[in-house]
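Here are the chains, one letter per residue:
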Amino acid sequence: MLGSRALWKDGWKAVALHTPLVGKGNFDKDEWELYNTDIDRAEVNNLAKKYPDKLKELIKDWNDEATKNLVLPLDDRSAIEVLGIERPSSEAPRDLYKYYPKTSPVPEGVAVNVRGRSYKILADVDIKDANASGVLFAHGSRFGGHTLFVKDKKLNYVYNFLGIAPEQKFTSNVPITTGKHVFGMEFTREKAGPNGESLGTMKLYIDGKEVASGPMRTQSGKFTLAGDGLCVGFDSGDSVSKEYKTPGTFKGGEIIGVGVSVGKIEYTDLNNEAKRALGRD
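### A closer look at the overall build of the protein chain
Then step 1. In terms of helices and strands, the protein chain carries three helices and 14 strands.
Then step 2. Classification of the 281 residues of the protein chain by burial places 45% in the buried group.
Then step 3. A separation of at least 24 residues holds for 62% of the contacts in the protein chain among residues at least 6 apart in sequence.
Then step 4. When the accessible surface of the protein chain is totalled, it reaches about 15600 Å², and 51% of it is carbon and sulfur.

Now the structure itself:
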């Protein structure tokens, strides 16, 4: 937090204190401390000099975990710098939103709004490994959200309704093959439920061919109050589905981009547009 970090492993704890909000960086100059919490629960005796190899082991583990869980880069910008950042607060509504991999999560306040309406998601993907797997698109968390992902050579879509089990899961009836594909889903809202939720039909597609379908309900409220924004190629924070572990980074292929339509664009037209974009790339 704020540049300070720590890791506990098998009774040993490594700690590096960093002066917060100074904007100077120099994280490599922070002094790491080492404690054996099995016998020193108050962390009184710093054993860093006595057990340097153990400290190096825990520092390496911290860096490995930080990389795997998307903690980096560390940030100690001053309060003035942080408070002065211009942040998006609203977004003019439109019919089609396009998102790309290797970007930060998009806050829900400016991400596409699929609440109370029909919508479509299309992902342009180049599968290079037959065992490719991971998240293509995710928005929300275990308390509510939806995600399009590849697992066990199948395309999957999960809509997590307020974290209520069981998850609404749809899996393709055919395996995914290598090559360039357009993976997609379409939810058609048919009516409102007794609590304002949307009731309708979900269809899953691979290259324009329907590979799964069934009834689905979507929540009327936001997915989250803080964090857990819209992601492409991974899932930040709590995973939307229990079918994978965060961050569920997509591996074995390349995501060209993901489009989400909340307008009146027909699925077939959207599919052709995605293929043309993929052809240009």
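The discussion continues.
### Focus: the pattern of salt bridges
Then step 1. Under the definition given, this model contains 13 salt bridges.
Then step 2. Taken together, the shared-partner salt bridges connect Lys9, Lys54, Glu57 and Asp61 into one network.

### Overview of the sheet that holds strand S9 (residues 168-171)
Then step 1. The strand order across the open sheet built from five strands is S9-S8-S7-S6-S13, with neighbouring strands paired in antiparallel fashion. Taken across any chain shown, the strands that pair with only one partner, and hence form the sheet edges, are S9 and strand S13 (231-232).

### A word on the packing of aromatic side chains
Centre-to-centre distance and the angle between the planes together describe a pair of aromatic rings.
Then step 1. Taken as a whole, this structure holds five aromatic pairs when the rule is applied.
Then step 2. Centre to centre, the rings of Trp12 and Tyr51 are 5.4 Å apart; their planes meet at 70°, and the pair counts as edge-to-face. A residue pair is termed long-range when its members are at least 10 positions apart, and Trp12 in strand S2 (residues 12-16) and Tyr51 in the loop between strand S3 (32-36) and helix H1 (52-68) qualify at 39 residues.
Then step 3. A residue is classified by how much of its surface remains accessible, and Trp12, at 16% relative accessible area, is buried.
Then step 4. Centroid distance Trp32 to Trp62: 6.4 Å. Interplanar angle 65°. Geometry classified as edge-to-face. Residue Trp32 is found in strand S3, and its partner Trp62 is found in helix H1; the two are separated by 30 residues along the sequence. Side by side, Trp32 and Trp62 carry an identical accessibility label, which is buried.
Then step 5. If you follow Arg5 out to its NZ or CZ, it ends over the ring of Trp62, 6.0 Å from the centre.
Then step 6. For Arg217, the ring lying beneath its charged end belongs to Phe161, and the centroid distance is 3.9 Å.

Reading the values: rules and limits
- Residues numbered from 1 in each chain as written.
- Predicted model: local features only at pLDDT ≥ 70, side-chain atom pairs only at ≥ 80, totals over all residues.
- Heavy atoms only, no water.
- Helix = DSSP H or I, 4+ residues; strand = E, 2+ residues; numbered from the N terminus.
- Buried < 20%, exposed > 50% of the residue type's maximum accessible area, 1.4 Å probe, protein only.
- Contact = heavy atoms within 4.5 Å.
- Areas by Shrake-Rupley, 256 points an atom, 1.4 Å probe, with all protein chains shown as cover.
- Salt bridge = Lys/Arg side-chain N within 4 Å of Asp/Glu carboxyl O.
- Pairing = 2+ DSSP bridges.
- Phe/Tyr/Trp six-rings, centres within 6.5 Å; stacked < 30°, edge-to-face > 60°.
- Lys NZ or Arg CZ within 6 Å of the ring centre and 35° of its normal.

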